[in-house]
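# Residue-level structural notes
Read off the chains here:
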Amino acid sequence: MTGVHDVRSSIQAAIVDLDGTMVDTLGDFDVALNATLKDLDRPSVTRADIERMVGKGSAHLIRSALIHGGLSDTQATALQAEAWRRYQAHYLAINGQHSAVYPGVVEGLSALRERGMPLACLTNKPLGFARPLLQAKGLDGYFTHVFGGDSFERTKPDPLPLLKTCEALGTLPARTLMVGDSQNDGIAARAAGCPVVLVTYGYNHGDPIDQAPHDRLVGSLAELLAFA
């Protein structure tokens, strides 16, 4: 594990995840996903179920919910396109209405920006969902770049999105801090060569967050003041 001082002294930019890191979006997922399942006459899912399913993009979330409701892989694949069409309509209709910015997020982002540190938001959420959510929550102005799960050929935990985001920021991975809430963020950061800080309150597929690769765990993004 890298020392806190070593990480702090070398950081020139930061990449920040969205769902479970900056914004608690379980309420949005709950409303949109269950409306989709109702349209398809499929069983609903609980918020606890959703919390274990989120983090790998909307397509994975929908597929997981269909399989959780008793469909086989083949049956879920057959319904995927229609489910995605309906989910997209439901999600865009309520995006941000049932979600909230976590305490400490504005303070942490403000501290990094005041230092002159460029910030990018990198999420597995589709870009068409991510941008409006950031705008609705007043967070879009902190970021020079926003990339979604459909911005690159692969998504986290593959390191490609982090490497491409570092290129956009103009910083080396070793000097670019990844801030996230799950093993997807930790694994991707390690593979890309980025130091990584994980929050203790987000979504990590039901697994203990301290088991994910990380350099430091924080209970609030306000603790990023230590890096500013």
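Here, residues in each chain are numbered from 1, in the same order as that chain's written sequence. Predicted model: local features are reported for residues with pLDDT of at least 70 only, side-chain atom pairs are reported and counted for 80 or more only, and whole-chain, interface and lining totals are derived from all residues. The basis for the side-chain values is all heavy atoms of the structure; hydrogens and waters are excluded.

## Looking at the side chain of Thr123
Quick reminder of the rule: Helix and strand assignments come from DSSP, with helices taken as H or I runs of at least 4 residues and strands as E runs of at least 2, each series counted from the N terminus. Burial status follows relative accessibility: with a 1.4 Å probe on protein chains alone, a residue under 20% of its type maximum counts as buried, one over 50% as exposed, and anything between as partly exposed. For the purposes of these results, a polar contact is taken to be a pair of N or O atoms within 3.5 Å, where, inside protein, one atom must be able to donate a hydrogen and its partner to accept one; residues adjacent in sequence count only when each atom of the pair is a side-chain atom.
With respect to the helices and strands, Thr123 occurs in the loop between β4 (119-122) and α7 (127-136). Residue classification places Thr123 among the buried positions, given a relative accessible area of 2%. A polar atom in the side chain of Thr123 sits 2.9 Å from the backbone nitrogen of Lys125.

## Things to note about helix α8 (residues 160-169)
As a reminder of what qualifies: Throughout, a residue-residue contact means that at least one pair of heavy atoms, one from each residue, lies within 4.5 Å.
Taken together, the buried positions of α8 are Leu160, Pro161, Leu162, Thr165, Cys166 and Leu169. Buried residues in α8 make contact with β1 (13-16), β4, β5 (145-147), β6 (176-180) and α9 (183-192). The positive-phi residue at the C-terminal boundary of α8 is Gly170, with phi of around 80°.

## What about the environment of Thr171?
Inspection of the secondary structure assignment puts Thr171 in the loop between α8 and β6. Of the residues examined, Thr171 reaches a relative accessible area of 11% and is grouped as buried. C-alpha of Thr171 to C-alpha of Pro118: the two residues are 53 residues apart in sequence and 9.5 Å apart in space. The contacts of Thr171, once residues within four sequence positions are left out, are Gln12, Ala13, Cys166 and Thr176.

## What about the packing of helix α2 (residues 26-39) against helix α4 (residues 58-68)?
For the record, the criterion: To get an axis, a line is fitted to the C-alpha atoms, and for a helix only the part in contact is used. The angle between two axes follows their N-to-C directions and goes from 0 to 180 degrees. When describing relative orientation, an angle under 35 degrees is termed roughly parallel and one over 145 degrees roughly antiparallel, while 65 to 115 degrees is termed roughly perpendicular and anything else oblique. Should the near helix be turned anticlockwise from the far one by less than a right angle, the crossing is termed left-handed; should it be turned clockwise, right-handed.
Close contact between α2 and α4 brings their axes to 11 Å; oriented N to C, the two are set at 55°. Between α2 and α4, the angle falls in the class oblique. Considering only the axes of α2 and α4, their crossing is right-handed. Here Phe29, Leu33 and Leu37 of α2 come into contact with α4, specifically with Leu61, Ile62, Ala65 and Leu66.

## Observations concerning the sheet that holds strand β7 (residues 196-199)
Note the cut-off: At least two bridges found by DSSP between two strands are what make those strands a pair.
One open sheet accounts for six strands, arranged β5-β4-β1-β6-β7-β8; its pairing is parallel. What marks the edges here is a single partner per strand, and that holds for β5 and β8 (216-218). On average, each strand axis in the sheet is tilted by 20° relative to the strand beside it, whichever way the strands run.

## Things to note about the packing of aromatic side chains
We count it as follows: Between 30 and 60 degrees the pair is tilted, below 30 it is stacked and above 60 it is edge-to-face, where a pair is any two Phe, Tyr or Trp rings, Trp via its six-membered ring, whose centres lie within 6.5 Å.
Using the criterion set out here, one finds eight aromatic pairs in the structure. Seen from their ring centres, Trp84 and Phe129 are 5.9 Å apart, and the 40° between their planes marks the pair as tilted. Taken together, the positions of Trp84 in helix α5 (residues 73-94) and Phe129 in helix α7 put the pair 45 residues apart, joining distant regions of the chain. A residue is classified by how much of its surface remains accessible, and Trp84, at 29% relative accessible area, is partly exposed. Relative to Tyr201, the ring of Tyr102 lies with its centre 4.3 Å away and its plane at 45°, an arrangement referred to as tilted. Taken together, the residues span a long stretch of sequence, with Tyr102 in the loop between β3 (100-101) and α6 (105-114) and Tyr201 in the loop between β7 and β8 at a distance of 99 residues. You can call Tyr102 buried: its relative accessible area is 13%. Overall, the relative accessible area of 23% leaves Tyr201 in the partly exposed class. Within the aromatic cluster, the residues linked to one another by ring pairs are Phe29, Trp84, Tyr87, Tyr91 and Phe129.

## A word on the nonpolar core
Basically, it comes down to this: We call a set of buried Ala, Val, Leu, Ile, Met, Phe, Trp, Tyr and Cys residues a nonpolar core when their side-chain atoms join them within 4.5 Å.
Residues Met22, Leu33, Tyr87, Leu109 and Phe143 are the most contacted members of the largest nonpolar core, which totals 50 residues. Those residues in contact with Leu33 that lie beyond four places of it in its chain are Val45, Ile50, Leu61, Ile62, Ala65 and Tyr87. Core analysis: the next-biggest nonpolar cluster, separate from the first, contains 19 residues, Leu122, Phe152, Leu162 and Ala188 among them.

## Quick look at the pairing of β7
Every second residue of β7 is oriented toward a common face, with Val196 and Leu198 on one face and Val197 and Val199 on the other, all of them buried. Bridge analysis of β6 against β7 gives three bridges, and the strand direction is parallel. Note that in β7 the partner of Met178 across the bridge is Val196. With three bridges joining them, β7 and β8 adopt parallel strand pairing. Bridging from a neighbouring strand, Val199 pairs with Val218 of β8.

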